[in-house]
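Fold and contact review
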Amino acid sequence: MKLEAEGETYLLDPVSDMPFGYLNKEFLLGEGLVLGDSVEWITMNINGSESILSNAQVTIVEDAIKAEVNHTLSDYAISKVAPDHLEDMLDTDWEVDSLRLREKEPTKMTIDYYLQQELFDDLILVPLIFDDLLVDENPFRSEERLYPVDFYCKKRFTYTFKLHLGDEYEVQSIPEPAYVRTKNVQTYLNVHHSEGEYIQVSLLHSLRGTAIPPEEYPALRSAYELLASLKEQVILLKRKT
């Protein structure tokens, strides 16, 4: 459906549950076909993005590991989850004590999670609590590409995992930092360890354009190689004797 309003042209899907100005991501193909007295192709200007901002504060207490997580999804990221299935986004190592849908707007959702894990002598923690960016393997297998890689919208995922160290465990290993950066692709895994105090792991994955040109394809491939390795990027702790 085509709508003219205040000098702007909008393409609408009458059966979509997306807010005004948004189409379901399956229809974001760069151009829209309007059928009427004549056939017309309209170039889309896609303003929405897929954005996730997550912050986890993790503490070791007497009988468990506790995590308080603030997780905000914006624009097209909301389509990844239904409000009735908020636990489905979590890595299965975590048990949900409680959760709260703090904010629910047409283009923004904020959830507070309160999580825990059982304590063992050897602890293996995957900093990425949510599976939004977990991929089993790199989808970009070819070493070269002649044409752009198209995405339906821009993307920006930001995760922070801060583990407050207690007195009972010592650090055996932490993830290795990694960086990929070009004009349209930015992915990094940053790690900061303050001896005896905390370990902070920060992950950013950003696609600043919807079409990644061939000259940036090697960087895109490297970025997804990093994402495919996230399950192996762990914090290993050992109980002190």
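Cut-offs used in this document
- Residues numbered from 1 in each chain as written.
- Predicted model: local features only at pLDDT ≥ 70, side-chain atom pairs only at ≥ 80, totals over all residues.
- Heavy atoms only, no water.
- Helix = DSSP H or I, 4+ residues; strand = E, 2+ residues; numbered from the N terminus.
- Buried < 20%, exposed > 50% of the residue type's maximum accessible area, 1.4 Å probe, protein only.
- Contact = heavy atoms within 4.5 Å.
- Areas by Shrake-Rupley, 256 points an atom, 1.4 Å probe, with all protein chains shown as cover.
- Pairing = 2+ DSSP bridges.
- Axes fitted to C-alpha atoms, helices over the stretch in contact; angles between N-to-C directions.
- Core = buried A, V, L, I, M, F, W, Y, C linked by side-chain atoms within 4.5 Å.
- Phe/Tyr/Trp six-rings, centres within 6.5 Å; stacked < 30°, edge-to-face > 60°.

1. Let's talk about the overall build of the chain
- Looking only at helices and strands, the chain has one helix and 17 strands in total.
- In the chain, which comprises 241 residues, the proportion classed as buried is 43%.
- Contacts in the chain between residues at least 24 apart in sequence constitute 67% of all its contacts with a sequence separation of at least 6.
- For the chain, the exposed surface amounts to about 13,900 Å²; the carbon and sulfur share of it is 46%.

2. Observations regarding the pairing of strand β17 (residues 235–239)
- Bridging between strand β9 (residues 122–125) and β17 involves four bridges; their strand directions are antiparallel. Considered in β17, the bridge of L125 is made with I235.
- Alignment of strand β12 (residues 169–173) against β17, held across four bridges, turns out to be antiparallel. If you follow S173 over to β17, its bridge partner there is L236.

3. As for the sheet that holds strand β13 (residues 178–181)
- Read across the open sheet, the eight strands follow the order β7-β8-β6-β5-β11-β15-β14-β13; overall the sheet is mixed. Lying at the two open borders of the sheet, with one neighbouring strand each, are β7 (95–105) and β13. If you compare each strand with its neighbour and ignore which way they point, the axes differ by 10° on average.
- Relative to strand β11 (residues 154–164), strand β5 (residues 49–60) runs parallel, the two sharing 11 bridges. By the bridge assignment for β11, S54 is matched with Y159.
- Those strands touched by helix α1 (residues 217–228) are β13, β14 (185–194) and β15 (198–207), and its axis lies near 40° from that of β14.

4. Quick notes on the sheet that holds β12
- Pairing is antiparallel across the open sheet formed by three strands, whose spatial order is β9-β17-β12. The sheet is open, and its two edges are formed by β9 and β12, each paired on a single side. For this sheet the average axis-to-axis angle between neighbouring strands, irrespective of direction, equals 30°.

5. Details of the pairing of strand β6 (residues 64–75)
- Judged by how many residues are buried, β6 sits mostly within the fold: nine of 12 residues are covered.
- Inspection of the sheet shows β5 paired to β6 by 11 bridges, in the antiparallel sense. Looking across to β6, one finds that T59 is bridged to K66.
- Where β5 folds back onto β6 in an antiparallel hairpin, the turn is made up of three residues.
- Where β6 and strand β8 (residues 108–118) come together, 11 bridges link them in antiparallel fashion. What sits directly across from E68, in β8, is Y114.

6. A word on the nonpolar core
- Among the nonpolar cores identified, the biggest contains 54 residues, and L73, Y113, I129, F161, L163 and L220 are the most heavily contacted of them.
- Among the elements that line this core, the one with the most residues is α1, at seven residues.

7. With respect to the packing of aromatic side chains
- Enumeration according to the criterion identifies five aromatic pairs in this entry.
- Relative to Y152, the ring of Y76 has its centre 6.2 Å away and its plane inclined at 80°; by these criteria the two rings are edge-to-face. Here Y76, found in the loop between β6 and β7, pairs with Y152, found in the loop between β10 (149–150) and β11; they are 76 residues apart in sequence, far enough to count as distant. Y152 shares its class with Y76; the two are buried.
- A network of ring pairs unites the aromatic residues F140, Y217 and Y224 as a single cluster.

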